[in-house]
Amino acid sequence: QIARRSSSEVAQQSLALAEAGSDRLQHTLEQLLLLARLDGQLEASESPQADAAEITRMALADLGAVSRDIELHWRIEHAQTPIAVPAVLAIAALRNLLENALRHGPEKGQKTLAVSQTQKQLVWTVTDGGSELPPEALTQLTQRFWRASADQRGSGLGLAIVSAICQRFGGSLELSNSLAGVCARLALPLIPPPAQNPSAVSQSS
């Protein structure tokens, strides 16, 4: 910040690059710390749960202004049922999927997010508006530190974290090609409704 007071254009450009590099490093460290927590003894009870509306809103808010580039399709009438995953992890998983689509999809390709629900799961489907990937690349996307090319942006940890969250809490991540580009389908389990007391049912009837 002090060096920015210099009038040298070269100094300003160098500082801008240094700041960008620092931001990337911080993001990578945060991802590594999250992976370490997932590899440890993190339990669902350590964090409050959230529902589809809150998770989606927070993930988009974390992206800031770039979230305007994502077309949202809401396919749930009532999204009040919380999921059986800590809120911070569910938000991180969805944010990583969206960041991946924004980073690796074409600049002018339409990025979409569809939110839906089954009887036991909440489902987020993200498409990047790009072209298809080879089948072998799709199977490698969730490997830690894997990138399609050396000059590709990112740390190679985003989808690995999503996969680890799914494995820990009984969700699923499916990656496939579609007419709308690479499609990522994240499904996380809902908290089952409390079992009804048979005696209460018989008394009410």
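The preceding data block contains the structure.
What counts and how
- Residues numbered from 1 in each chain as written.
- Predicted model: local features only at pLDDT ≥ 70, side-chain atom pairs only at ≥ 80, totals over all residues.
- Heavy atoms only, no water.
- Core = buried A, V, L, I, M, F, W, Y, C linked by side-chain atoms within 4.5 Å.
- Buried < 20%, exposed > 50% of the residue type's maximum accessible area, 1.4 Å probe, protein only.
- Helix = DSSP H or I, 4+ residues; strand = E, 2+ residues; numbered from the N terminus.
- Contact = heavy atoms within 4.5 Å.
- Salt bridge = Lys/Arg side-chain N within 4 Å of Asp/Glu carboxyl O.
- Pairing = 2+ DSSP bridges.

Peer 1: What's the story with the nonpolar core in this structure? I'm lost.
Peer 2: Grouped burial of nonpolar side chains is what soluble globular proteins tend to show. The biggest cluster of nonpolar side chains holds 39 residues, and the ones touching the most others in it are Leu98 and Trp124. Breaking this core down by element, the ones donating at least two residues are helix 2 (52-63), helix 3 (87-104), strand 2 (111-117), strand 3 (121-127), helix 5 (158-169), strand 4 (172-178) and strand 5 (181-189). Per-element tally for this core: the top contributor is helix 3, with nine residues. Not counting chain neighbours up to four residues away, the residues in contact with Leu98 comprise Ala59, Leu60, Leu63, Ile70, Leu113 and Val126.

Peer 1: Sorry if this is basic, but what is going on with the pattern of salt bridges here?
Peer 2: Side chains that differ in sign of charge can pair as their charged atoms come close. Per the counting criterion, the structure on display carries two salt bridges. Asp62 is the salt-bridge partner of Arg95, the closest N and O atoms lying 2.8 Å from each other. With Arg95 in helix 3 and Asp62 in helix 2, the pair connects residues that are 33 residues apart, well separated along the chain. Salt-bridge contacts for Arg185 lead to Glu174; the nearest nitrogen and oxygen are separated by 4.0 Å. Of this pair, Arg185 sits in strand 5 while Glu174 sits in strand 4, and the two are 11 residues apart along the sequence.

Peer 1: What is the right way to read the pairing of strand 5 from this model?
Peer 2: The side chains of a regular strand alternate, first on one face of the sheet and then on the other. Among the nine residues of strand 5, eight are classified as buried, and the element is accordingly described as predominantly covered. As defined by bridge partners, strand 3 adjoins strand 5 across seven bridges and the pair is classed as antiparallel. Following the sheet pairing, Val126 is matched in strand 5 by Ala184. A loop of two residues connects strand 4 with strand 5, the two strands running antiparallel in sequence.

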